[in-house]
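Examination of the molecular architecture
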Amino acid sequence: MPELPEVEHLRRSLVPLLLGKQFFHVSLNREDILTRLGVKRNLQLALLKDGVVRALHRCGKNLALEMCDGRVLAVHLGMSGQFLVLSAGEHKDRVLTHAHAVWQFGAPSQKTPAHYLVFRDPRRFGGITSAPDMETLLRLRWSKLGPDALSLTHEFLAACLISKVRTLKATLLDQSVIAGLGNIYVDEALFAARLHPTRTPASLEPGDVLHLHRAIRTILARAVSAGGSSIRDYLDGKGERGSYATRHQVYGRAGAACRRCGTILESAAVAQRTTVWCPQCQFI
DNA sequence: ATGGGATCCTGTGAGC
DNA sequence: TGCTCACAGGATCCCA
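What counts as what
- Residues numbered from 1 in each chain as written.
- Chains lettered and ligands numbered in written order.
- Predicted model: local features only at pLDDT ≥ 70, side-chain atom pairs only at ≥ 80, totals over all residues.
- Heavy atoms only, no water.
- Near = heavy atom within 4 Å.
- Polar contact = N/O pair within 3.5 Å; in protein donor to acceptor, adjacent residues only side chain to side chain.
- Nonpolar A, V, L, I, M, F, W, Y, C, P; charged D, E, K, R; others polar.
- Phe/Tyr/Trp six-rings, centres within 6.5 Å; stacked < 30°, edge-to-face > 60°.
- Helix = DSSP H or I, 4+ residues; strand = E, 2+ residues; numbered from the N terminus.
- Buried < 20%, exposed > 50% of the residue type's maximum accessible area, 1.4 Å probe, protein only.
- Domains from an automatic or database assignment.
- Contact = heavy atoms within 4.5 Å.
- Buried area = accessible area lost by both parts, 1.4 Å probe.
- Salt bridge = Lys/Arg side-chain N within 4 Å of Asp/Glu carboxyl O.

Here we look at the protein's contact with DNA strand C
If you check the shell around DNA strand C, you find 15 residues, and the closest are His-76, Met-79, Arg-123, Tyr-251 and Arg-273. Here, DNA strand C places atoms within 4 Å of the protein, and 54% of those atoms are sugar or phosphate. Lys-61 is positioned such that a nitrogen or oxygen atom in its side chain is 3.2 Å from a phosphate oxygen of DNA strand C. For the surface near DNA strand C, the per-class residue count stands at 5 nonpolar, 5 polar and 5 charged.

Encoded structure:
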């Protein structure tokens, strides 16, 4: 389940593989992945054909490939999405199921595709879309996101928590409040900040907000350098797994002992998500 | 206006 | 061993 660290690590792994490369051919095997992002299919994905990759951007869990002529391919991995670069040989040998879109690309001078970029997504909670330029993508989609969790300031966190009546868990999962946190890192951040997931943001003391801010920044930074958390499906652009899952304190550990105090970790659905916390360390 | 619930979808693993 | 079925999750839509 890719969250900010996984998408950022993916972005970094794709930069050396894609920058300056040209897309020669695109094959789209499922048209409905184009509409899953809630944007009308008013632009053909095929527009990216012949595009040369200028930059890879990220906001929250969203990734965007910007071409030299301005066109943009926006990607959301959903739950099980993967964006893989394969050599021609690998692409020929491997049987890839759920490969919904495949780009052939290579160096602009060659005109011979040497590699394949594959978007696969078994559960199809993800999607791709295109835009004529970054400005349009920002206006249509990314403007609806809160600030990116990696660059979140303490002041902004305090401001966006102050009036909320929802639980902390629901608030932090809301991408329009903060972009990039998902079920894993919300649970991990709340544990690190010793805050119970069902607390209301309005009940937080200034010190709590400080701890939460520090926890979010620290955990995300560590997870990015560890290559993210590979639970089931997540792979980076080279097809490699992230190692941060071995360092989870609470996520996926319900019924096990808290690594801080030894109390058995509890689990329940909060904001319709499986939530794990330590009843001793995390105060209501 | 706001939040909660249903919905989409398929691979995995527990249980019989 | 093989089958069934609940479960996992992000974002969107609908309704209270």
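That covers the picture; the talk isn't over yet.
With respect to the packing of aromatic side chains
One pass over the full model with this rule turns up 5 aromatic pairs. Their ring planes at 80° and their centres at 6.2 Å tell us that Phe-23 and Phe-105 sit as a pair that is edge-to-face. Taken together, the residues Phe-23 in strand β1 (residues 22-28) and Phe-105 in strand β6 (residues 99-106) connect sequence positions 82 residues apart. Judged by its relative accessible area of 1%, Phe-23 falls in the buried class. When its relative accessible area of 1% is taken as the criterion, Phe-105 is described as buried.

Some remarks on the protein's contact with DNA strand B
Every one of the 10 residues lining DNA strand B counts as a neighbour, but His-98, Pro-122, Arg-123, Arg-124 and Gln-272 are closest to it. Of what DNA strand B places within 4 Å of the protein, 67% of the atoms are sugar or phosphate. Side-chain polar atom of His-98 to a phosphate oxygen of DNA strand B: 2.6 Å apart, as the coordinates give it. Residue Gln-272 places a side-chain N or O atom 2.8 Å away from a phosphate oxygen belonging to DNA strand B.

A look at the domain arrangement of chain A
Looking at the assigned domains, one finds that chain A contains domain 1 (4-144) and domain 2 (149-277). Averaged C-alpha coordinates put domain 1 and domain 2 at centres separated by 28 Å. The interface is formed by 21 residues belonging to domain 1 together with 23 residues belonging to domain 2. In total, domain 1 and domain 2 occlude about 1800 Å² of area from one another, counting both sides; carbon and sulfur atoms represent 61% of this. Across the domain 1-domain 2 interface, the total number found is 0 salt bridges. Where domain 1 packs against domain 2, one counts 6 residue pairs in polar contact (both at pLDDT 80 or more). Only α1 (4-18) and β5 (82-87) provide two or more residues apiece to the side of domain 1 that touches domain 2.

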